[in-house]
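# A look at the structure
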Amino acid sequence: MKFLWFGKKKVFKQVEVTPPPAPQEVYSVVGYICETNPEAGAKNTELPAQFINSAILSILSRAHSPADIAAQEFFQERGANLLSVSDYAFSAERGFSGRIQDGEIKRTVLIGSASVVARVTTPLSSSIANAATSNPDLFVVAIDGIAYAAFGITKEII
């Protein structure tokens, strides 16, 4: 005996399941402080903010971690330009160092934790010292033995 099929056959739609996007690490610069003249009583210590940003960008341009790239983008957004770098060095304990060309002058740039940089610079300005006290992961930037800037890098997973 045969059964008659009344109506149409059911067509099953295949639903494409897309996996959720993988979590991404997003790095950003926080707590940026720039003191153009931290040694107000000293002669010839004032530097323009754009030069300070350029010095930081130039030293960090030699590093290629995602956090360093985020910092490079941050300083480029603030008008920083790449300067010639020599004697570049990086140590996880001490931070970054190098010499940059500022016209006819070669300047030494150090980027590291406040405790490391404070050992080789003049006393930190009050705003940089307060920021370093409140955030121990902050990087302090010294140019020719004077701390001019500080910033932190945060990581967020989205």
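Computed from a predicted model, the values in this text were never measured in an experiment. (Residues numbered from 1 in each chain as written. Predicted model: local features only at pLDDT ≥ 70, side-chain atom pairs only at ≥ 80, totals over all residues. Heavy atoms only, no water.)

### Overview of the packing of aromatic side chains
Evaluated as defined, the whole model comprises six aromatic pairs. Between Phe 90 and Phe 96, the ring centres sit 4.7 Å apart and the planes meet at 40 degrees, which makes this aromatic pair tilted. The class for Phe 96 is buried, based on a relative accessible area of 6%. Cluster of aromatic residues (ring-pair linked, three or more members): Tyr 32, Phe 74, Phe 75, Phe 139 and Phe 151. We note Arg 78 situated over the ring of Phe 74; from NZ or CZ to the ring centre the distance is 3.6 Å. (Phe/Tyr/Trp six-rings, centres within 6.5 Å; stacked < 30°, edge-to-face > 60°. Buried < 20%, exposed > 50% of the residue type's maximum accessible area, 1.4 Å probe, protein only. Lys NZ or Arg CZ within 6 Å of the ring centre and 35° of its normal.)

### Remarks on the sheet that holds strand β3 (residues 95-102)
One open sheet accounts for six strands, arranged β1-β6-β5-β4-β3-β2; its pairing is antiparallel. Each having just a single partner strand, β1 (25-34) and β2 (85-91) make up the two edges of the open sheet. Sheet twist, expressed as the average angle between the axes of neighbouring strands with direction ignored, equals 20 degrees. Of the strands in this sheet, β1, β3 and β6 (146-157) are in contact with helix α2 (residues 66-77), which crosses β1 at around 50 degrees. (Pairing = 2+ DSSP bridges. Helix = DSSP H or I, 4+ residues; strand = E, 2+ residues; numbered from the N terminus. Axes fitted to C-alpha atoms, helices over the stretch in contact; angles between N-to-C directions. Contact = heavy atoms within 4.5 Å.)

### Let's talk about helix α4 (residues 126-134)
Within α4 the residues assigned to the buried category are Ile 128, Ala 131 and Ala 132. Across the axial projection of α4, the buried residues extend over an arc of 100 degrees, all falling on one side. The outward face of α4, more than 90 degrees from its buried face, is lined by the exposed residues Ser 126, Asn 130, Thr 133 and Ser 134. Considering only its buried residues, α4 is in contact with β1, α3 (114-119), β5 (139-143) and β6. (Arc of directions from axis to C-beta.)

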